[in-house]
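# Descriptive structure summary
Here is what each chain is made of, one letter per residue.
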There are 2 protein chains.
Amino acid sequence: MSRAGAIKPESDHILDRPMGDTDGIDFEIIELLFFAYRDFISDPDAILDTSGFGRAHHRVVHFVNREPGLTVAALLDTLKITKQSLARVLKQLIDSGYIAQVAGPEDRRQRRLYPTERGRELALALARPQSCRIAHAMEGLGDDGRAAVKAFLSGMINPATRGAADDQDDAMEGHER
Amino acid sequence: MSRAGAIKPESDHILDRPMGDTDGIDFEIIELLFFAYRDFISDPDAILDTSGFGRAHHRVVHFVNREPGLTVAALLDTLKITKQSLARVLKQLIDSGYIAQVAGPEDRRQRRLYPTERGRELALALARPQSCRIAHAMEGLGDDGRAAVKAFLSGMINPATRGAADDQDDAMEGHER
DNA sequence: AATTTATGTCAACATAGCTGACATATTCGA
DNA sequence: TCGAATATGTCAGCTATGTTGACATAAATT
């Protein structure tokens, strides 16, 4: 039924020329990023399907393992999702024994999040294929090429976010946010 | 209620050491990719919110503009989603006048997809901030650095996908898939 | 004429995001 | 010390976007 009407829309100003590089836009990198990221997350996705978890769980497990003891607020800030959204997956991860909560030593309102051994194993299992993929993609590159990749990716990140990401080796204890 | 039980799970083997670079895993790039991609799609997301569309629409509009006349089957293959999933957003885009369908000249079962001027404008508007972000991230890099970035991103893509992405300038007419 | 192909469509479901409202425990400031 | 602010949890419902399975139609192929 929608068939007959759609056949010859000659009035609709149809364009048949590809949107190309005449517009000064770097479509190549845009598409490379799309495909690269899609395949990049397909590796952990396959593992997660087995465990009954999803990408949301992946992110939580990852960051809790990267910064044991981080607060719920800090995690929310990193993930940029709502607490209701986090609550769902976090509860499952705690109930399944991948993550444990401990009341904050100073501020006992806080629930600091720690990985269990099980949680650590999962995080590592998820990171491994991604690391392999990265290593493969870096294969042909020299130190300067690798540095360029890091500089590029850093430059893609918003300043506010970048602040947190750059300080990945700092504890930043004392002012969570 | 879940409060009392969660405070002191000393039996649970809690880990307080960050999952670090002792495991031979490149967590830095993993996180850079996560943040970079998140911010990368936040630009078009903001525009799409205005139009009442979402990321799914973005992808469809993008690829139809990049390869006008592509078939539904080819688009499904690029996006790697089901036809039912595509149908929803495609219908909206057609109804709103962003994309037009034309029966295939040779095989009239095909619905070849073309952008309208409106669709082209939307695709460009969505690509522009992404291109700016990329240009900014590339700023400090020389030609070799830029080449390294492209090589890296290409290397991150699965071979099957990479085939299609590499041929982006080919018409590939005659064997859609 | 029968089958395969390209596409569309209906129905039901899952994941993961969202808003809004409200509860509880704890800390902090006046 | 009391009231406000903070950190977190939770209930209820909505949206976007993916999934599977089943079936319909038109056109091409054999």
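For clarity, every value in this text was computed on a predicted model and none was experimentally measured. (Residues numbered from 1 in each chain as written. Chains lettered and ligands numbered in written order. Predicted model: local features only at pLDDT ≥ 70, side-chain atom pairs only at ≥ 80, totals over all residues. Heavy atoms only, no water.)

### Regarding the sheet that holds strand E2 (residues 99-103) of chain A
All names here are of chain A. Here is the rule: Strands were regarded as paired on the criterion that DSSP finds at least two bridges between them. Numbered from the N terminus, helices here are DSSP runs of H or I no shorter than four residues, and strands are runs of E no shorter than two.
If you trace the 3 strands from one edge of the open sheet to the other, you get E1-E3-E2, paired in antiparallel fashion. The two strands at the open ends of the sheet, each matched to only one other strand, are strand E1 (70-71) and E2. In terms of strand pairing, E1 meets strand E3 (residues 111-115) through 2 bridges, oriented antiparallel. The partner of Leu 70 across the bridge, within E3, is Leu 113.

### Here's the deal with helix H5 (residues 83-95) of chain A
Residue and element names in this part refer to chain A. How we decide: What a helix is expected to span follows from its residue count: subtract one and scale by 1.5 Å. A contact between two residues is defined here by any heavy atoms of the two lying within 4.5 Å.
Across its 13 residues, H5 extends 17 Å between first and last C-alpha, which sits within 8% of the 18 Å expected from 1.5 Å per residue. Those residues of H5 hidden inside the fold are in contact with helix H3 (55-66), helix H4 (72-79), E2 and E3. Where H5 terminates, the next one or two residues include Gly 97, which has phi positive at roughly 80 degrees.

### Some details on the nonpolar core
Cut-off, in case you're wondering: In these notes, a set of buried Ala, Val, Leu, Ile, Met, Phe, Trp, Tyr and Cys residues joined through side-chain atoms within 4.5 Å is what counts as a nonpolar core. Three labels apply to residues, based on accessible area from a 1.4 Å probe with only protein chains included: buried if under 20% of the type maximum, exposed if over 50%, partly exposed otherwise in between.
Ranked by internal contacts, the top residues of the largest apolar core, which has 92 residues, are Val 60 and Phe 152 of chain A together with Val 60 and Phe 152 of chain B. Residues in contact with Val 60 of chain B, not counting those within four places in the same chain, are Leu 75, Leu 79, Leu 86, Val 89, Leu 90, Leu 93 and Ile 99 of chain B.

### What about the protein's contact with DNA strand D?
To keep things clear, this is the line we draw: Here, proximity means that at least one heavy atom of the residue falls within 4 Å of the molecule or strand. A 3.5 Å cut-off defines polar contacts: any pair of N or O atoms within that distance qualifies, except that in protein one atom must be a possible hydrogen donor and the other a possible acceptor, and neighbouring residues in sequence count only when both atoms are side-chain atoms.
Taken together, 26 residues sit near DNA strand D, with Lys 83, Gln 101 and Arg 109 of chain A together with Thr 82 and Arg 88 of chain B positioned nearest. In DNA strand D, atoms within 4 Å of the protein come 54% from sugar and phosphate. A distance of 2.6 Å is found between a base oxygen of DNA strand D and a side-chain nitrogen or oxygen belonging to Arg 109 of chain A. Note that a base nitrogen of DNA strand D is positioned 2.5 Å from one of the side-chain N or O atoms of Arg 88 of chain B. Elements with a minimum of two residues in the surface near DNA strand D: H4 and H5 of chain A together with helix H3 (55-66) and helix H5 (83-95) of chain B.

### What to know about unusual backbone geometry
Non-glycine residue Lys 80 of chain A carries a positive phi angle of around 55 degrees. Of note, Lys 80 of chain A is situated in the loop between H4 and H5.

### As for the environment of Arg 128 of chain A
Tracing the backbone through its elements, the reader meets Arg 128 of chain A in helix H6 (residues 117-138). Sequence separation between Arg 128 of chain A and Pro 44 of chain A is 84 residues, and the spatial gap between their C-alpha atoms is 8.7 Å.

### Remarks on the packing of helix H2 (residues 27-51) of chain A against H3 of chain B
Threshold: Axes here mean lines fitted to C-alpha atoms, for a helix over just the part in contact, with angles spanning 0 to 180 degrees between N-to-C directions. Throughout, the term roughly parallel applies to angles under 35 degrees, roughly antiparallel to angles over 145, roughly perpendicular to angles from 65 to 115, and oblique to all others. Each crossing gets its hand from how the near helix is turned against the far one by less than a right angle, where anticlockwise is left-handed and clockwise is right-handed. Polarity classes work like this: nonpolar for Ala, Val, Leu, Ile, Met, Phe, Trp, Tyr, Cys and Pro, charged for Asp, Glu, Lys and Arg, and polar for all others, with Gly in that last group.
Running from amino to carboxyl end, H2 of chain A crosses H3 of chain B at an angle of 135 degrees, the nearest separation of the two axes being 13 Å. Judged by the angle between their axes, H2 of chain A and H3 of chain B are oblique. You can see that H2 of chain A and H3 of chain B cross each other, and the crossing is left-handed. For the pair formed by H2 of chain A and H3 of chain B, the contact residues are Phe 27, Ile 30, Glu 31, Phe 34 and Phe 35 of chain A on the first element and Arg 59, His 62, Phe 63 and Arg 66 of chain B on the second. For the contact of H2 of chain A with H3 of chain B, the residue count by class is 5 nonpolar, 1 polar and 3 charged.

### Here we look at the confidence of the model for chain A
All names here are of chain A. The test is simple: Confidence of the prediction at every residue is given by pLDDT, a number between 0 and 100.
Of all residues in chain A, 84% attain a pLDDT of 70 or more, and the chain-wide mean is 87. Note that pLDDT drops below 50 for residues 1-10; the model gives that stretch 12 contacts with residues more than four away or on any other chain. Within the model, the stretch residues 165-177 combines pLDDT values under 50 with 11 contacts to residues more than four positions away or in other chains.

### Let's talk about the packing of helix H7 (residues 143-156) of chain A against helix H2 (residues 27-51) of chain B
Running from N to C, H7 of chain A and H2 of chain B point in directions that differ by 40 degrees, and their axes come no closer than 8 Å. Of the two elements, H7 of chain A crosses H2 of chain B, and the hand of that crossing is left-handed. Every residue of H2 of chain B that contacts H7 of chain A at Lys 150, Leu 153, Ser 154 and Met 156 of chain A is listed here: Glu 28, Ile 29, Leu 32, Leu 33, Ala 36, Asp 39 and Phe 40 of chain B. Class assignment of the residues belonging to the contact of H7 of chain A with H2 of chain B gives a composition of 7 nonpolar, 1 polar and 3 charged.

### A few points about the interface of chain B and chain A
Many structure descriptions define interface size as the accessible area lost when the parts assemble. Spelled out, the test is: The buried area of a pairing is the accessible area, by a 1.4 Å probe, that goes missing from both parts when the two are put together, added over both. Think of a salt bridge as a Lys or Arg side-chain nitrogen and an Asp or Glu carboxyl oxygen that are within 4 Å of each other.
At the junction of the two partners, chain B supplies 79 residues and chain A supplies 79 residues. Overall, the association of chain B and chain A removes approximately 7,900 Å² of surface from exposure, summing both partners, and the carbon and sulfur fraction of that is 67%. The largest per-residue losses of area from chain B upon contact with chain A belong to Leu 15, Met 19 and Met 156 of chain B, which jointly make up 9% of the total buried on that side. On the surface where chain B and chain A come into contact, there are 4 salt bridges. The partner of Glu 31 of chain B in a salt bridge is Arg 66 of chain A, with the nearest N and O atoms 2.6 Å apart. Viewed at the interface, chain A and chain B are joined by 26 residue pairs in polar contact (both at pLDDT 80 or more). At 15 residues, the largest contribution of residues to the side of chain B that touches chain A is made by H2 of chain B.

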